[in-house]
Amino acid sequence: MKLAVGLTLAIAAFLFAGSLQAADAPVVVTSIKPVHSLVSAIMQGVGKPELIVDGAASPHTYNLKPSNARALQEAKVIFWVGPGLEAFLEKPLESLGSDAIVARLDNAPGLVKLPFREGGAFEAHDDGDEHDNASADEHAEAGHDHDHAEVDHDHDHGDHGAFDTHLWLDPMNAKAMATEITTTLVAADPANALTYEANAKALDDKLDALDKEIAATVSTVKDKPFIVFHDAYQYFEHRYHIRVAGSITVSPETIPGAERVSEIHKKVGDLGATCVFAEPQFEPRLVDVVIEGTKAKSGVLDPEAATLPAGPDLYFTLMRGIADSMKNCLASA
């Protein structure tokens, strides 16, 4: 009898402690799946962050839902990349998220930032700014020297279009973002600081291992030119010295016209591009038109993890998926 009572009390204590832990966890909201994955990994054992752009939705075309608005109002901490990627969040954060700690991860110290590419097979990016008009071949060559990238420590970036915002596609940038996430969570929730810091150390080690794994995966195909649907992979290319020949569009919000598609079709033939990559949420029919009559194959890349379930492992699945898709398509072409 005493044993049964003692066991019941022990179970009750365990459940009560678990409920306290859940209650003590801060309400954390994240914008996109790659950010949610990094935050989830650092919050393991404390709580689970909420995600705004879920499923196959894209931050380029997303409209805020009422449930998202409620989450922003209740949040203690909000993580996003910045207005250059999630423009739909800029005004809501000023009103709905005004009581939260808002961490803009494109301001994380130590990030490598790359300017938008234009000219050649990269169409002009219509943001009203002056950009480098070097040719695609010049940009591809520049991508072979990682030391030439801008390492940004400035926390004031008023210009939304000054750099490519797909920052997470370099694991070293993911490490910089994870450091900023950890610093923010520790400041917002010092009671769980030791857990955040331990998780961050484990994540850092995993990102280093991932970096070496991806380098080995793409090492045999890095000199084969390819075309992507939109210019989202610059950081991946730059990190692993692979060769992009151009993109069908720079801004996925705007479907390219017939003249642009014809231009890229010619580029595929002229360069002998071996693969043209579509993306799950954007017009795959355009890729079929671009490769028609050429020897190029088609593949699929998913830079924003549209097809992947959210969670702490998503970032690693995302990056391995890109590396494997490139290797499989380019090696067989």
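Residues numbered from 1 in each chain as written. Predicted model: local features only at pLDDT ≥ 70, side-chain atom pairs only at ≥ 80, totals over all residues. Heavy atoms only, no water.

Caption draft 1: Structural view of the packing of helix H7 (residues 193-218) against helix H11 (residues 314-332). Interhelical geometry of H7 versus H11 gives an angle of 5° and a closest axis separation of 9 Å. Taken together, H7 and H11 sit at an angle that is classed as roughly parallel. The residues of H11 that touch H7, namely those facing Leu203, Lys206, Leu207, Leu210, Glu213, Ile214, Thr217 and Val218, are Tyr315, Phe316, Met319, Arg320, Ala323, Asp324 and Lys327. Residues of the contact of H7 with H11, tallied by class, amount to nine nonpolar, one polar and five charged. (Axes fitted to C-alpha atoms, helices over the stretch in contact; angles between N-to-C directions. Helix = DSSP H or I, 4+ residues; strand = E, 2+ residues; numbered from the N terminus. Parallel < 35°, antiparallel > 145°, perpendicular 65-115°, else oblique. Contact = heavy atoms within 4.5 Å. Nonpolar A, V, L, I, M, F, W, Y, C, P; charged D, E, K, R; others polar.)

Caption draft 2: How the structure looks around the state of the cysteines. In this structure the tally under the stated criterion is one disulfide. Sulfur-sulfur distance for the disulfide between Cys275 and Cys329 comes to 2.0 Å. Judged by the sign of its S-S torsion, about -110°, the bond between Cys275 and Cys329 is left-handed. With Cys275 in strand E9 (residues 275-278) and Cys329 in helix H11, the pair connects residues that are 54 residues apart, well separated along the chain. The burial state of Cys275 is the same as that of Cys329; both residues are buried. (Disulfide = S-S within 2.5 Å. Buried < 20%, exposed > 50% of the residue type's maximum accessible area, 1.4 Å probe, protein only.)

Caption draft 3: Spotlight on the pairing of strand E3 (residues 77-80). Neither face of E3 is left uncovered, since the one carrying Val77 and Phe79 and the one carrying Ile78 and Trp80 both have all their residues buried. Direction of pairing for strand E1 (residues 28-30) relative to E3: parallel, over a ladder of three bridges. Counterpart to Val29 in the pairing with E3 is Ile78. Where E3 lies against strand E4 (residues 101-104), four bridges are found, and the strand directions are parallel. (Pairing = 2+ DSSP bridges.)

Caption draft 4: Structural view of the nonpolar core. By size, the foremost hydrophobic cluster in this structure holds 75 residues, and its most contacted members are Phe79, Trp168, Phe226, Phe236, Tyr315 and Met326. Broken down by element, this core gets its largest block of residues, ten residues, from H11. Counting residues in each nonpolar core, the second largest holds 15 residues, with Ile227, Val261, Val268 and Ala278 among its members. (Core = buried A, V, L, I, M, F, W, Y, C linked by side-chain atoms within 4.5 Å.)

Caption draft 5: Local environment of helix H2 (residues 33-43). Burial of H2 is extensive: eleven of the eleven residues sit out of reach of the surface. Inspection of H2 places Lys33, Pro34, Val35, His36, Ser37, Leu38, Val39, Ser40, Ala41, Ile42 and Met43 among the buried residues, and these make up the whole buried set. Buried residues along H2 sit in contact with E1, strand E2 (50-51), E3, helix H6 (171-188), H7 and H11. Gly45 lies just past H2 and shows a positive phi near 90°.

Caption draft 6: Quick look at unusual backbone geometry. A positive phi angle is found at His241, which is not glycine, with a value near 55°. Residue position: His241 is located in the loop between helix H8 (234-240) and strand E8 (244-249).

Caption draft 7: How the structure looks around the pattern of salt bridges. Across all of its chains, the model carries seven salt bridges by this definition. Where Asp170 meets Arg239, a salt bridge forms, and the shortest distance between an N and an O atom there is 4.0 Å. One end of the pair, Asp170, is in the loop between strand E6 (150-152) and H6; the other, Arg239, is in helix H8, and 69 residues separate them in sequence. Close ionic contact of Asp208 with Lys175 constitutes a salt bridge, the shortest N to O distance being 2.7 Å. Separated by 33 residues along the polypeptide, Asp208 in helix H7 and Lys175 in helix H6 bring together distant segments of the chain. With a relative accessible area of 17%, Lys175 lands in the buried category. The network of salt bridges with common partners includes Asp170, Asp211 and Arg239. (Salt bridge = Lys/Arg side-chain N within 4 Å of Asp/Glu carboxyl O.)

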